[in-house]
Amino acid sequence: MVGATAGSDAEPYGAGAYLICLRGIVWREALRFIHQRERFVAALVRPLVWLFIFAAGFRSVLGVSIIPPYETYVLYEVYITPGLIAMIQLFNGMQSSLSMVYDREMGNMRTLLISPFPRWFLLTSKLLAGVAVSLLQVYVFLAIAWWWGIEPPLYGYLAILPALVVSGLMLGALGMLLSSLIKQLENFAGIMNFVIFPMFFASSALYPLWRIKEASNVLYDICVLNPFTYAVELIRFALYGQLHEVSLGVLAGCTLIFLAGAIYAYNPSKGFIARRGGPGGAGA
Amino acid sequence: MSGTQNATPSLEVLSVSHAFAKRKALDGVSVTLAPKTFCVLLGLNGAGKTTLFSLVTRLYDNASGTIEVLGHDVRKEASQALRRLGVVFQQRTLDLDLTVAQNLKYHAALHGLPPAKAKTRVRAVLERVALSDRADDKVRRLSGGQARRVEIARALLHEPRLLLLDEPTVGLDIEARQAILDHVRRLCDEDGLSVLWATHLIDEVGPESEVVILHHGRVVDAGPVSEVVTRAQAQDIRQAFATLTRADGPLEDA
């Protein structure tokens, strides 16, 4: 065996080794996703139901006036498409981060954490892997939506890529932070009720903010405080080749805070995992 | 524990205590594992075995005391310590839908092995556990014993010097259990690995093993089996274990 010997220090990892590790984590996530067809189908059916049924039904009820980035009146389904894209990422972020800890995947979290690479790097890589999977879902959704008449300019498809990375990171980091913070939300139904639905409905995903303000000032304030609103708006503007700077700023800030929180939570000496006995319970 | 006095111990746990909220899981635990030693960490369920493993693998940090792997403190030099450590967890941690080789490649990436090297190592470790012909099968298609062997192969991929196994035979039939046990013992003899094998099954303690008996978070005795048996004034390790674990706790059936 030529492994590292006692006492002597093995060479610190170079940039190449970091890249190999990141690539391996993303590769595995993609492989798993491809093998889990039901998950793929579920991830697509959800936004498509909204697009085909909900949007069609509400098309005549909800009129959307001309607001940026739109230059003409748009159909309701065109309006909610960015919100549905963000919803795909919201589900994906919560699912991958939470299942990591609570489901069958828990063992995989442990496998990940015995890697000698720094923990912040492992967690960030894991998030990026989740984002990569969400990109796949979003582009397939957009392809189907195009066939349904949602036809943003072609450059929009390219322009949303960086926006999707930022929003995906933010939502994934939030999921990771939640997974370590909240013990009660152990099953996905709890997450649906207490995180996904409130975030999705109290945002600009389904109706423009000015309409919400007409209805209720309190609700409007909640929407403005909801980071998901900014994910939706960043994607909405990017889809038409525009940069919504406020949203980018808010998302970047939230990503940093959530990610720092998640890394802190997974820190072996400070984190909540330590106090609670870690994934796998207090252990025997 | 006896062994080579001068060499750096493969594992050195010094007065480690750890508590979850009010419950004390480990209380002043010290364990020293000399190089090339096969050591059984014996304890009933809830004795603190998994907690000790979690501390050594740095899932969380020990509240007090120190833990060193091949002379590297797991808190101060986590990366150096983890690079020398191979772990087989109690729960199954392979991706069932991925092939054996894909699972191993993922682990190789987690240790930063370049693709060419990873390929060679995957071939080598699969040969070592006699599963070369199953490399392209999905893990789902393997038997419990085979899956365990893949996990052992995975733990060996980055050429660790210390192998930790947490109840590795749980859920296996008698034949598969024996095969895994023999296999890991051979690794210890032939490759010069140190092995810490946690179990609650006394029949997994061989006559020449080192043994550490953990009970209610404390080490109640440690050393070569023969010495432990003598000290407990017992006839065999089963009896010694029964005596030692009854001494300071509620009566439990081993």
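Structural data are supplied above this passage.
An account of the accompanying structure is given in this report.

## Overview of unusual backbone geometry
- Residue A:Pro68 is joined to A:Pro69 through a cis peptide bond whose omega torsion reads 5 degrees.
- A positive phi angle, near 30 degrees, is found at B:Ser15, a position not held by glycine.
- Counting through the fold element by element, B:Ser15 comes out in strand E1 (residues 11–20).
- By relative accessible area, B:Ser15 is classed as partly exposed at 42%.

## With respect to the sheet that holds strand E6 (residues 85–88) of chain B
All names here are of chain B.
- Pairing in this open sheet of six strands is mixed, and the strands run E6-E7-E8-E3-E9-E10 from one edge to the other. Both outer strands of the open sheet, E6 and strand E10 (218–224), are each paired with one neighbouring strand and no more. Averaged over all pairs of adjacent strands, the angle between strand axes in this sheet comes to 15 degrees, irrespective of strand direction.
- As paired strands, E6 and strand E7 (residues 162–166) are joined by four bridges and run parallel to one another. What sits directly across from Leu 85, in E7, is Leu 162.
- Lying over the sheet, helix H5 (residues 144–156) contacts E6 and E7, oriented at roughly 165 degrees with respect to E6.

## A closer look at the environment of B:Asp221
Residue and element names in this part refer to chain B.
- Examined against the element boundaries, Asp 221 turns out to sit in strand E10.
- Considered as a pair, Asp 221 and Arg 231 are 10 residues apart in the sequence and their alpha carbons are 8.9 Å apart.
- In contact with Asp 221, not counting residues within four places along its chain, are Val 211, Val 212, Ile 213, Val 228, Arg 231 and Leu 244.
- One polar contact links Asp 221 to Arg 231, side chain to side chain, over a distance of 3.0 Å.

## Section: the nonpolar core
- Ranked by internal contacts, the top residues of the largest apolar core, which has 110 residues, are A:Phe200, A:Phe228, B:Leu11 and B:Val69.
- Residue contacts for B:Leu11: discarding those within four places in its chain leaves B:Val31, B:Thr32, B:Leu33, B:Val56, B:Ile67, B:Glu68, B:Val69, B:Leu162 and B:Leu196.
- Within the second largest apolar cluster, 52 residues are counted, among which are B:Ala135, B:Leu142, B:Leu172 and B:Val184.

## Considerations on the pattern of salt bridges
- Inspection of every chain in the model, using the stated rule, returns 24 salt bridges over all chains.
- Put simply, A:Arg28 and B:Asp95 hold a salt bridge, and the shortest N to O gap is 2.6 Å. Separated into two different chains, A:Arg28 in helix H1 (residues 15–35) and B:Asp95 in the loop between E6 and helix H3 (100–110) make up a pair that spans both.
- For A:Arg28, a relative accessible area of 0% translates into the label buried.
- The class of B:Asp95 is buried, set by a relative accessible area of 3%.

## Focus on helix H1 (residues 49–56) of chain B
- With respect to burial, H1(B) is a largely interior element, eight of its eight residues being buried.
- Of the positions making up H1(B), those classed as buried are B:Lys49, B:Thr50, B:Thr51, B:Leu52, B:Phe53, B:Ser54, B:Leu55 and B:Val56.

## Some points on the sheet that holds strand E2 (residues 23–33) of chain B
All names here are of chain B.
- If you trace the four strands from one edge of the open sheet to the other, you get E2-E1-E4-E5, paired in antiparallel fashion. Only two strands of the sheet have a single neighbouring strand rather than two, namely E2 and strand E5 (72–73).
- Pairing of strand E4 (residues 64–69) with E5 involves two bridges; the strand directions are antiparallel. In the strand pairing of E5, Glu 68 is matched with Asp 73.
- Running over the sheet, H1 touches E1, E2 and E4 and is turned about 115 degrees from E1.

## Structural notes on the packing of H1(A) against helix H2 (residues 37–58) of chain A
All names here are of chain A.
- The interhelical angle for the contact between H1 and H2, taken along N-to-C directions, is 85 degrees, at an axis separation of 5 Å. As judged from the angle between their axes, H1 and H2 are roughly perpendicular. Across from Phe 33, Ile 34 and His 35 in H1, the residues of H2 making contact are Arg 37, Arg 39 and Phe 40.
- Tallied by class, residues from the contact of H1 with H2 come to three nonpolar, one polar and two charged.

Thresholds, definitions, all that
- Residues numbered from 1 in each chain as written.
- Chains lettered and ligands numbered in written order.
- Predicted model: local features only at pLDDT ≥ 70, side-chain atom pairs only at ≥ 80, totals over all residues.
- Heavy atoms only, no water.
- Helix = DSSP H or I, 4+ residues; strand = E, 2+ residues; numbered from the N terminus.
- Buried < 20%, exposed > 50% of the residue type's maximum accessible area, 1.4 Å probe, protein only.
- Pairing = 2+ DSSP bridges.
- Axes fitted to C-alpha atoms, helices over the stretch in contact; angles between N-to-C directions.
- Contact = heavy atoms within 4.5 Å.
- Polar contact = N/O pair within 3.5 Å; in protein donor to acceptor, adjacent residues only side chain to side chain.
- Core = buried A, V, L, I, M, F, W, Y, C linked by side-chain atoms within 4.5 Å.
- Salt bridge = Lys/Arg side-chain N within 4 Å of Asp/Glu carboxyl O.
- Parallel < 35°, antiparallel > 145°, perpendicular 65-115°, else oblique.
- Nonpolar A, V, L, I, M, F, W, Y, C, P; charged D, E, K, R; others polar.

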